[in-house]
Each structure stands twice: as C-alpha cells, then as structure tokens.
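Architecture at a glance
Given next are the chains, with one letter for each unit.
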Amino acid sequence: MGIPLFIILILYLLLAACFVLFSLFLVYHALRFGVATISNVLVMIIYIVVSAVILVSAYSFIVSVDWMQTIQIL
C-alpha cells in the first residue's frame with residue numbers, strides 16, 4: 001500500500017497559499033495603518049524580498065521532484 005507523493009505537494013501548496021494570503025494582509029495593514037517612516041517601509045521591503053526568495057527556492061526544488069512516486073507504508 002502506498003500514498004502518492006503529490007498529496008504532500010497539495011498540502012504544501014495549500015500552506016503556501018495561506019502564507020501568501022496572510023502576507024498580503026500583513027503588508028496592507030502595515031502600509032495602511034502603520035507609522036509612515038522609512039524603517040517601516042524598509043522592513044516591509046525586506047520581508048517581501050526574503051519571502052520571495054524562499055518561495056522561488058522552494059519552487060526550484062519542487063520542479064525537480066518526481067511527484068508520481070509513492071511512499072510505501074507497509
């Protein structure tokens with residue numbers, strides 16, 4: 001009996017979509033209701049760049065995996 005590996009991919013994509021959604025809320029609220037200082041904008045830019053780097057590196061790893069394999073349970 002085996003579980004298809006793409007189930008893990010679907011779970012990861014759901015978590016990544018939640019992360020992107022919450023990040024959009026975070027950036028919106030920080031820019032709309034935060035104090036308009038250069039440090040606030042700088043922190044938001046750093047957050048967006050680091051998040052984008054993490055998502056792009058995860059994508060480059062995801063593309064290289066054969067998702068049709070199965071995980072053998074028993």
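This section reports on the structure supplied with the text. (Residues numbered from 1 in each chain as written. Predicted model: local features only at pLDDT ≥ 70, side-chain atom pairs only at ≥ 80, totals over all residues. Heavy atoms only, no water.)

A look at the overall build of the protein chain
Along its length, the protein chain carries two helices and two strands. The C-alpha atoms of the protein chain give 18 Å as radius of gyration, which overshoots the globular expectation for 74 residues (11 Å, by more than 25%). For the protein chain, the spread of C-alpha atoms along the three principal axes comes to 55 × 20 × 15 Å. Intrachain contacts of the protein chain at a sequence separation of at least 6 include 79% that bridge at least 24 residues. Surface accessibility of the protein chain: about 6000 Å² in total, with carbon and sulfur atoms responsible for 82%. (Helix = DSSP H or I, 4+ residues; strand = E, 2+ residues; numbered from the N terminus. Rg over C-alpha atoms; globule rule 2.2 N^0.38 Å. Contact = heavy atoms within 4.5 Å. Areas by Shrake-Rupley, 256 points an atom, 1.4 Å probe, with all protein chains shown as cover.)

Comments concerning the side chain of Ser 51
Here Ser 51 lies in helix α2 (residues 38-63). When its relative accessible area of 10% is taken as the criterion, Ser 51 is described as buried. Separated by 2.8 Å, the side chain of Ser 51 and the backbone oxygen of Tyr 47 make a polar contact. (Buried < 20%, exposed > 50% of the residue type's maximum accessible area, 1.4 Å probe, protein only. Polar contact = N/O pair within 3.5 Å; in protein donor to acceptor, adjacent residues only side chain to side chain.)

What about the packing of helix α1 (residues 6-33) against α2?
At a closest axis distance of 11 Å, the pairing of α1 and α2 adopts a crossing angle of 165°. When the axis of α1 is compared with that of α2, the two are roughly antiparallel. As α1 runs across α2, the sense of the crossing is left-handed. Counted together, Leu 9, Tyr 12, Phe 19, Val 20, Ser 23, Leu 26, Val 27, Ala 30 and Leu 31 of α1 and Asn 40, Met 44, Tyr 47, Ile 48, Ser 51, Leu 55, Ala 58 and Ile 62 of α2 form the full contact between these two elements. Across the contact of α1 with α2, the residue classes tally to 14 nonpolar, three polar and no charged. (Axes fitted to C-alpha atoms, helices over the stretch in contact; angles between N-to-C directions. Parallel < 35°, antiparallel > 145°, perpendicular 65-115°, else oblique. Left-handed = near helix turned anticlockwise from the far one by under 90°. Nonpolar A, V, L, I, M, F, W, Y, C, P; charged D, E, K, R; others polar.)

What to know about α1
Spanning 28 residues, α1 covers 40 Å between terminal C-alpha atoms, matching the ideal 40 Å at 1.5 Å per step. Turning to α1, its buried residues number three or more, namely Leu 9, Ala 16, Ser 23, Val 27 and Ala 30. Turning to α1, the residues buried within the fold contact α2. (Expected span 1.5 Å × (residues − 1).)

A short note on a nonpolar patch on the surface
A cluster of nonpolar side chains, contributed by Met 1, Ile 3, Phe 6, Ile 7, Ile 8, Ile 10, Leu 11, Leu 14, Met 68, Ile 71, Ile 73 and Leu 74, occupies part of the molecular surface with about 1200 Å² of accessible area. Ranked by the residues each element gives to the nonpolar patch, the list is headed by α1, at six residues. By the secondary structure assignment, Ile 71 is in strand β2 (residues 70-72). Since its relative accessible area comes to 36%, Ile 71 is described here as partly exposed. (Patch = residues over 30% accessible without salt bridge, like charges linked within 9 Å, V, L, I, M, F, W, Y side chains within 5 Å. Salt bridge = Lys/Arg side-chain N within 4 Å of Asp/Glu carboxyl O.)

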